[in-house]
Amino acid sequence: MLIGVPKEIKVHEYRVGLTPDAVRELVHHGHAVLVETGAGGGMGADDAAYAASGARIAPDAASVFAAAEMIVKVKEPQPVECRMLRPGQLLFTYLHLAPDPAQARLLMDSGCTAIAYETVTDAHGGLPLLAPMSEVAGRMAIQVGAAALQKSGGGRGVLLGGVPGVAAGDVVILGGGTVGTHAARMAVGLGARVAILDKSLPRLRQLDELFGGRVSTQYATLQATEAAVTHADLVVGAVLVPGAAAPKLVRRDHLARMRPGSVVVDVAIDQGGCFETSRPTTHEEPTYIVDGVVHYCVANMPGAVARTSTYALNNATLPFTLALANKGWQRACADDAHLRAGLNVHAGRITHAAVAQALGLPYTPAADVMSGRIVEPAAA
């Protein structure tokens, strides 16, 4: 298979779909890889590194999209990229379609087959291709939140760890999954007072044991959430409903009761955000203020630490990329139900139930398109 790797064009996105190491693995398995010039520059891999791994270097994105049978990316395709996709072409990347009907429509119109990293599952009910970026984003959430709490960042001038004689800052984490756990690790390490809210009692018990009493765990009732948020210096939104839009846990009226200069970091922004006042931002202008509360809502947080993020992501995605290249998407998805859960779009149809529900569009089961019962493209 000919696999294409375009340079990411989202604002301040420095990750790349394949590392040189991953390219070498694909070439070793008999595949050809076409990498756009400069695609890996942001994470420290130049064209020479890719060429040494067996890739061919393309002069521009159009050349990559025109030639490749499968496109491997990191972030969702931007409109100009969606328009370069074609029927029968395979796209393997993060999509986050639930809050993005425009992208969904462009992908449907292209006729391509799109498999989303974030809805691929595993045998334990986890999301193995989302997990590494969730780990990065969770850790970064405390890092960027601490900077935003500084007066120069618009915050109230609080040092999360405090100092002897001065209380530490209060960090509230909404959601005890991968993002929340890694955010808590960083916050505890800085010496902050940390509370994690979640609706799963088994998970709260796990977190209590994991942190050995160094964090407070609370069941996430409406009352508990409101009380915790209004007394926090930093709130991290770390909730996830796979494939679906994030629930709005903090409403606009809560902000008026929060401490002036407090900070919210909405890691769920890729799925629409869990704060009512959230809107996507970029690394170029990462924050804005609503009712005196600093909002950090960058939709590609891990892109700021591109080298760490790209290698972490490739460690998780490479086995699936190899399976898709070796077998083709139909056979690979037929053999692996967890990879099949990643199928979001095929030939103009939405093939993931949660995505279809979030977008208000008809749902076509992946099994139907794979079985051949549905072969014609969906009507425009």
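Below or above, wherever it landed, is the structure these notes cover. (Residues numbered from 1 in each chain as written. Predicted model: local features only at pLDDT ≥ 70, side-chain atom pairs only at ≥ 80, totals over all residues. Heavy atoms only, no water.)

## With respect to the overall build of the protein
Each helix and strand in the protein was counted, giving 15 helices and 15 strands. Projecting the C-alpha coordinates of the protein onto the three principal axes gives extents of approximately 65 × 45 × 35 Å. For the protein, with 380 residues in total, the buried portion stands at 55%. For the protein, long-range pairs separated by at least 24 residues make up 63% of all intrachain contacts whose partners lie at least 6 apart in sequence. Here the protein has roughly 15,400 Å² of accessible surface; of this, 55% comes from carbon and sulfur atoms. Charged side chains in the protein number 31 positive and 33 negative. The centres of these two groups are separated by 3 Å. (Helix = DSSP H or I, 4+ residues; strand = E, 2+ residues; numbered from the N terminus. Buried < 20%, exposed > 50% of the residue type's maximum accessible area, 1.4 Å probe, protein only. Contact = heavy atoms within 4.5 Å. Areas by Shrake-Rupley, 256 points an atom, 1.4 Å probe, with all protein chains shown as cover. Lys, Arg positive; Asp, Glu negative; His and termini not counted. Charge placed at Lys NZ, Arg CZ, Asp CG, Glu CD.)

## As for the state of the cysteines
Summed over the entire model, instances satisfying the criterion amount to 0 disulfides. As a non-bridged cysteine, Cys 112 has Cys 82 as the owner of its nearest cysteine sulfur, 7.6 Å distant. The cysteine Cys 333 is free of any disulfide, with Cys 112 supplying the nearest cysteine sulfur at 13 Å. Judged by its relative accessible area of 0%, Cys 333 falls in the buried class. (Disulfide = S-S within 2.5 Å.)

## Overview of the pairing of strand 6 (residues 113-116)
Every second residue of strand 6 is oriented toward a common face, with Thr 113 and Ile 115 on one face and Ala 114 and Ala 116 on the other, all of them buried. The handedness of the strand 5 (residues 90-93) to strand 6 crossover, carried by helix 5 (residues 101-110), is right-handed. The sheet contact formed by strand 6 and strand 14 (residues 343-346) spans 3 bridges and is antiparallel. Counted as the bridge partner of Ala 114 is Val 345 from strand 14. (Right-handed = clockwise from strand over helix to strand, strands pointing away. Pairing = 2+ DSSP bridges.)

## Quick look at the pairing of strand 9 (residues 216-219)
Direction of pairing for strand 8 (residues 193-198) relative to strand 9: parallel, over a ladder of 4 bridges. Within strand 9, the residue paired with Asp 198 across the bridge is Tyr 219. For the segment spanning strand 8, helix 8 (residues 201-211) and strand 9, crossover handedness is right-handed.

## A word on the packing of helix 1 (residues 20-28) against helix 11 (residues 306-327)
For the pair helix 1 and helix 11, interaxial distance at closest approach is 10 Å and the crossing angle is 20°. Comparing their axes, helix 11 and helix 1 come out roughly parallel. The crossing of helix 1 and helix 11 is right-handed. Judged by residue contacts, Pro 20, Asp 21, Ala 22, Glu 25 and Leu 26 of helix 1 engage Tyr 311, Asn 314, Leu 318, Thr 321, Leu 322 and Ala 325 from helix 11. Across the contact of helix 1 with helix 11, the residue classes break down as 7 nonpolar, 2 polar and 2 charged. (Axes fitted to C-alpha atoms, helices over the stretch in contact; angles between N-to-C directions. Parallel < 35°, antiparallel > 145°, perpendicular 65-115°, else oblique. Left-handed = near helix turned anticlockwise from the far one by under 90°. Nonpolar A, V, L, I, M, F, W, Y, C, P; charged D, E, K, R; others polar.)

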